[in-house]
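Fold and geometry: a report
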Amino acid sequence: MRLNGGSAMNSMQTSGNGVLVIAEEFMLAELACAANGIANTEPVCAMVFGEPKLVTGFDKVFVVEKLTEYNTDLYTAAALDLIKEIQPSIVLIGATNQGRDLAPRIASALNTGLTADCTDLTLSKHGLLEATRPTFGGQLMAVIICKTKPQMATVRPGVFKPAESDKLPEIIYRDAPYVHPRVELLDFSEQPRKVNELETAEIIVTGGAGIGADGFRLLEEFAAALGAKVGATRGAVHTGLASAAQQIGQTGLTVSPKLYIACGVSGSVQHIVGMCGSKKIVAINIDPDAPIFQNCDVGYVGDIFEVIPQLMEKFCI
Amino acid sequence: MKIFVCIKQVPDTGDIKWTENNTMVREGVESITNPCDVYAIETGVKLGMATAVTMGPPQAENMLRNAIAAGCKNAVLLSDKKFAAADTLATARTLAAGLKKLGHCDLVVCGQYATDGDTAQTGPNLANFLDLPQVTYVKEVLNVENGYITVKRELDRGTETVRAKLPALICVLEGDFEPKRPLINDTIRAQNGQVIVRNADDLGLSEHEIGIKGSPTYVNRSFRMTTSHEARMVETIDELAEAINEAKRGERDE
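Residues numbered from 1 in each chain as written. Chains lettered and ligands numbered in written order. Predicted model: local features only at pLDDT ≥ 70, side-chain atom pairs only at ≥ 80, totals over all residues. Heavy atoms only, no water.

1. Quick word on the overall build of chain A
Worth spelling out the cut-off: Think of it this way: any DSSP run of H or I at least four residues long counts as a helix, any run of E at least two long counts as a strand, and we number them from the N terminus. Think of it in three bands: with a 1.4 Å probe and only protein chains considered, a residue is buried below 20% of the maximum accessible area for its type, exposed above 50%, and partly exposed in between. The contact definition used throughout considers only heavy atoms, calling two residues in contact when any of these lie within 4.5 Å. Working definition of accessibility: Shrake-Rupley area with a 1.4 Å probe, residue cover restricted to the visible protein chains.
Check the secondary structure of chain A and you find 8 helices and 16 strands. Its C-alpha atoms give chain A principal-axis dimensions of roughly 70 × 50 × 40 Å. By the burial criterion, 56% of the 317 residues in chain A qualify as buried. Put simply, 63% of the contacts in chain A that link residues at least 6 apart link residues at least 24 apart. When the accessible surface of chain A is summed, it comes to about 13,100 Å², and 49% of that surface belongs to carbon and sulfur atoms.

What follows is the structure in structure tokens.
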């Protein structure tokens, strides 16, 4: 992404043909809300695959009935066909696994820009879409403008509240252009995601790589005394001190206990994003400059091998 | 099998600190191979003759040498000041031109996402420019036979097994295993190995297709998320214990 660009805005017109939403059923209502917020008076349309869904908040719903099962090639061809016909000025796609597979394929075929995983959408005073997205694991929010049409964005699930609307859409059935699919689904096994005990824990005690195996043994005792579960940083998991199921952070779990105690955790960005939703964060670290101290409620500079036994004495009384 | 592995050099996000003005403190921040891309290299090397390709500054050569040490036979660095500040579309266009110059391949392997931007867009964009079928979220390659690759995809709602006709492009997730560490001989070989450097002219790309001019998106402004945590330092164990006790008694936010 570039900074402070915007010289070549001449290709952009503010008037257009509304907003097109392409999403799985569970995201249609929330994307209706997102789309109506940026549509001004222009039409808001949805494209759905398989059975027609009765969703309010759209002017038109285009249904491609025969494509029930997701396929990159087939869905891309169908979407391009519709986009070329109705010429929307903005296209929003759900940032699900499917949407993140589909959206860049469509955008690059149209040679237009795509902003991934947005958490906010607004219109600039020139009528341009301003899409806000987290970068660097959520530590920095970037507001991105696309200067070609359609302006495209994928929208993170759960960000927008499902729209309440009386607007009943006109349902329009469409055929999909024939393309030969080059990828074939052989098998699907549904796995409702296992709930990890850390996700429901009220108290979590987490260790970093620097505390070593002795440190993790101490954390187990500490956790037992507190009625807590033990989590770990990516570093600790990768050095074999803890299991992958214990990893908290960008590539691990996102947790939000009422009390999170970080022990010897430096506080990398990728760790912070997994635990910053905790109600109270207590940090103990021997390094007074550790970034964790900027992201905690209460910090204490000290060696966990001295601090934790003293704390346990207090809790055992 | 001839394989191209596309990789990216990223700042070690474990090291990032921010200034008061929301800019990254770049001094002392190490560059690493993007974590997913480490597994892309491993996947490519396991399946055939892999060439590592990156678009980046001259310093990215080090990362390419690591890719050679990890088993890639060749390495190509697409480097030009004109490539700078490219968004995902311009990056994919540049990579596509670079790969086309390298001739036919059977498989392109990318990482699913990079830890700095996390857009997960460059892979599918590249597949489009090369007109290849794509398979994203690949957790494991099951087999390659009779002109097809069969892989396991790990999705939010479950696991898919899919088969793609070769040539194809796959985007791989981080594996559940520790990547192989190169042996000392591999590292020595990598230091002597050749990294081919190509610029915009070599690739026949005009300025309007690449870098800042070829990018349809730009960052208008950025801001830091403010944390609601008060960051209070305490000096005694008693105060620390009291804070823990107080939080234990508190309610959990729903």
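2. Quick notes on the interface of chain A and chain B
Short version of the rule: Buried area: the accessible surface (1.4 Å probe) lost by two parts on joining, summed over both. Under the rule applied, a polar contact is a pair of N or O atoms within 3.5 Å (in protein, one hydrogen donor and one hydrogen acceptor; residues adjacent in sequence only if both atoms are side-chain atoms).
Of the residues lining the interface, 92 residues belong to chain A; the matching set on chain B comes to 85 residues. Of the roughly 8,000 Å² buried where chain A meets chain B, counting both sides, 55% is carbon and sulfur surface. At the surface where chain A touches chain B, the tally comes to 34 residue pairs in polar contact (both at pLDDT 80 or more).

3. Side note on the environment of isoleucine 172 of chain A
All names here are of chain A. Looking at the element boundaries, isoleucine 172 is found in strand β10 (residues 170–173). Residues isoleucine 172 and histidine 238, spaced 66 residues apart in sequence, show a C-alpha to C-alpha distance of 52 Å. Among all residues touching isoleucine 172, those that are not within four sequence positions of it are Lys60, Val61, Phe62 and Val63.

4. Quick look at the sheet that holds β10 of chain A
Residues and elements named next belong to chain A. Put simply, the test is: A strand pair is defined by DSSP finding two or more bridges across the two strands. All axes are obtained by fitting lines to C-alpha atoms, using only the stretch in contact for helices, and the reported angles, taken between N-to-C directions, cover 0 to 180 degrees.
Taken in spatial order, the 7 strands make up an open sheet running β5-β9-β4-β1-β2-β3-β10, and their pairing is parallel. One side of each edge strand has no neighbouring strand; the edge strands of this open sheet are β5 (114–118) and β10. The mean angle between the axes of side-by-side strands here comes to 20°, regardless of whether they run parallel or antiparallel. In this sheet, strand β9 (residues 151–155) lies alongside β5 in parallel orientation, the contact comprising 3 bridges. Each residue of the ladder has a partner; that of leucine 114, found in β9, is methionine 152.

5. Comments concerning unusual backbone geometry
Residue proline 150 of chain A is bonded to the preceding lysine 149 of chain A through a cis peptide linkage, with omega at -10°. Backbone torsion omega between leucine 166 of chain B and proline 167 of chain B reads -5°, so that peptide bond is classified as cis. The phi torsion at asparagine 146 of chain B lies on the positive side, around 50°, for a residue other than glycine. Take asparagine 146 of chain B: it is sitting in the loop between β7 (134–145) and β8 (148–155). Positive phi, normally seen in glycine, also occurs at alanine 231 of chain B, with a value near 55°.

6. Concerning the sheet that holds strand β12 (residues 203–207) of chain A
Reading across from one edge, β13(A)-β12(A)-β14(A)-β15(A)-β16(A)-β13(B) is the order of the 6 strands in this open sheet, with parallel pairing throughout. The sheet terminates laterally at β13 (229–232) of chain A together with β13 (232–233) of chain B, the two strands that pair on one side only. Both strand β16 (residues 298–301) of chain A and β13 of chain B contribute to a ladder of 2 bridges, which runs parallel. Considered in β13 of chain B, the bridge of valine 298 of chain A is made with arginine 232 of chain B.

7. Some details on the packing of aromatic side chains
Residue and element names in this part refer to chain A. What counts is decided by this rule: Here is the rule: rings of Phe, Tyr and Trp (six-membered ring for Trp) pair when centre to centre is within 6.5 Å. Planes less than 30 degrees apart are stacked, more than 60 are edge-to-face, and the remainder are tilted.
Within this structure, the stated rule accounts for 2 aromatic pairs over all chains. Here phenylalanine 49 and tyrosine 75 contribute two aromatic rings whose centre-to-centre distance is 3.7 Å and whose plane-to-plane angle is 15°, an arrangement assigned as stacked. Residue phenylalanine 49 is located in strand β2 (residues 44–49), and its partner tyrosine 75 is located in helix α2 (residues 72–86); the two are separated by 26 residues in the primary sequence. For the pair phenylalanine 49 and tyrosine 75, one class covers both residues: buried. A relative accessible area of 3% places tyrosine 75 in the buried class.

8. Comments concerning the nonpolar core
Operational definition: Here, nonpolar core refers to any group of buried Ala, Val, Leu, Ile, Met, Phe, Trp, Tyr and Cys residues whose side-chain atoms link them within 4.5 Å.
By size, the foremost hydrophobic cluster in this structure holds 35 residues, and its most contacted members are Phe222, Ile261 and Leu311 of chain A together with Leu240 and Ile244 of chain B. Leucine 240 of chain B has contacts with Val282, Ile284, Val298, Tyr300, Val307 and Leu311 of chain A together with Val234 of chain B, leaving out every residue within four places of it along the chain. Ranked by size, the runner-up nonpolar core spans 32 residues in total, among them Tyr39, Leu64, Leu166 and Ile170 of chain B.

9. Quick notes on the pattern of salt bridges
The condition that has to hold: Any Lys or Arg side-chain nitrogen located within 4 Å of an Asp or Glu carboxyl oxygen qualifies as a salt bridge.
Within the structure shown, the criterion is met by 24 salt bridges over all chains. Note that aspartate 118 of chain B is salt-bridged to arginine 100 of chain A, the shortest N-O span being 3.6 Å. Pair noted here: aspartate 118 of chain B is in the loop between β6 (107–111) and α4 (122–129) and arginine 100 of chain A is in helix α3 (residues 97–109), and the two residues belong to different chains. Arginine 100 of chain A sits in the buried class, given a relative accessible area of 13%. Measuring nitrogen to oxygen at the nearest pair gives 2.6 Å for the salt bridge that ties lysine 314 of chain A to aspartate 238 of chain B. With one member in each of two chains, lysine 314 of chain A in helix α8 (residues 304–316) and aspartate 238 of chain B in helix α7 (residues 237–249) form a pair that bridges those chains. Lysine 314 of chain A gets classed as partly exposed once you look at its relative accessible area, which sits at 35%. Here aspartate 238 of chain B falls in the partly exposed class, since its relative accessible area comes to 48%. Within this structure, Arg100, Asp117 and Arg156 of chain A together with Asp118 of chain B form a network of salt bridges that share partners.

10. Describing the domain arrangement of chain A
Interface extent is often summarised as the accessible area lost during association of the parts. Filter applied, for reference: For each domain, the first and last residues come from an automatic or database assignment.
Domain assignment breaks chain A into domain 1 (9–173) and domain 2 (197–316). On a C-alpha basis, the centres of domain 1 of chain A and domain 2 of chain A stand 40 Å from each other.

11. Topic: the pairing of strand β1 (residues 2–6) of chain B
Residue and element names in this part refer to chain B. Most of β1 sits inside the fold, with 4 of its 5 residues counted as buried. For β1 and strand β4 (residues 49–55), the ladder comprises 5 bridges, and the chain directions are parallel. Within β4, the residue paired with phenylalanine 4 across the bridge is threonine 51.

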